[in-house]
Amino acid sequence: MGLLLGTAVWATANPAATPRPQTGPWWMERHEKKLEEVRRLSAEVVFLGDSITQNYEDPAWQPVWNRYYGDRSAVNLGFSADSTANVLWRIEHGELGHLRPRLVVVMIGTNNSGLYHWTAPQTEEGIDAVVAEVHKRVKAAHILLLGILPTDMDAEKRTTDEAVNSYLGDKYKSSRYVTFMDVGSVLLSHARPDPSLYAEPICLHPNPQGQEKVAQAIEPTVARLLHEPVRETPSEDDEP
């Protein structure tokens, strides 16, 4: 009887809010490397997300990272193809470790709708769970929660992502420890994703120019939360 009840509970659990790892060997190898990294660091800023965040480690994107975060003791905990479920597993298995950051920047959820076709309510619960876990483990940190960026994959995903962003804006508008920002408009042209700001035709990953625009958009809030001066916007000649 107990086994049947446990099976039923597992079967009805929201997959977006149920911690689980990815299965590829590279993913666990990266997790182990990040555990070593966070053991050595005293990061002031943590970026937690998927491939959009991981891309900052690519040489083409690194100038943007270096410009805004390189001297802010920032650590990149972005993992390609991660969903909210994968981020929850990583948090529960030590990636925030002994870190005591002042700011945690979270951008997660696009793979929930893009890879897994989870619903808006499922993704909302998953993101809420990520926020709750981050707050539980680094209570002194403020969380800068970023909305799911616009893509051109399909209309269903756009509708789901817009619903999630609307929910998050309402949910956290009065929060003391979470600031929500929907910055996707900086990647739009005529109300659609601007292909010149993305790395592929389906407009999923911002290219370095797009990533620069996102970093510019959040910089005043990042600086305010860190009690630092706002970083200057580079001239067009300096942009990546």
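Residues numbered from 1 in each chain as written. Predicted model: local features only at pLDDT ≥ 70, side-chain atom pairs only at ≥ 80, totals over all residues. Heavy atoms only, no water.

### Describing helix 2 (residues 25-40)
Link 1 in the chain: Between the first and last C-alpha of helix 2 there are 23 Å, a value that for 16 residues agrees with the 22 Å anticipated at 1.5 Å per step.
Link 2 in the chain: Taken as a whole, helix 2 has its buried residues at W27, R30, H31, K34, L35 and V38. Seen end-on, helix 2 carries its buried residues on one side only, within an arc spanning 145°. For helix 2, the exposed residues lying more than 90 degrees away from the buried face are P25, E29, K33, R39 and R40. (Helix = DSSP H or I, 4+ residues; strand = E, 2+ residues; numbered from the N terminus. Expected span 1.5 Å × (residues − 1). Buried < 20%, exposed > 50% of the residue type's maximum accessible area, 1.4 Å probe, protein only. Arc of directions from axis to C-beta.)

### Looking at the sheet that holds strand 5 (residues 178-181)
Link 1 in the chain: The sheet built from five strands is open, its strands ordered 2-1-3-4-5 with parallel pairing. Each having just a single partner strand, strand 2 (74-78) and strand 5 make up the two edges of the open sheet. Neighbour to neighbour, the strand axes of the sheet diverge by 15° on average, direction disregarded.
Link 2 in the chain: Here strand 4 (residues 142-146) pairs with strand 5 via four bridges, running parallel. Following the sheet pairing, L146 is matched in strand 5 by M181.
Link 3 in the chain: Packed on one face of the sheet, helix 7 (residues 120-137) meets strand 1 (45-49), strand 3 (103-107), strand 4 and strand 5 and runs near 160° to strand 4. (Pairing = 2+ DSSP bridges. Axes fitted to C-alpha atoms, helices over the stretch in contact; angles between N-to-C directions. Contact = heavy atoms within 4.5 Å.)

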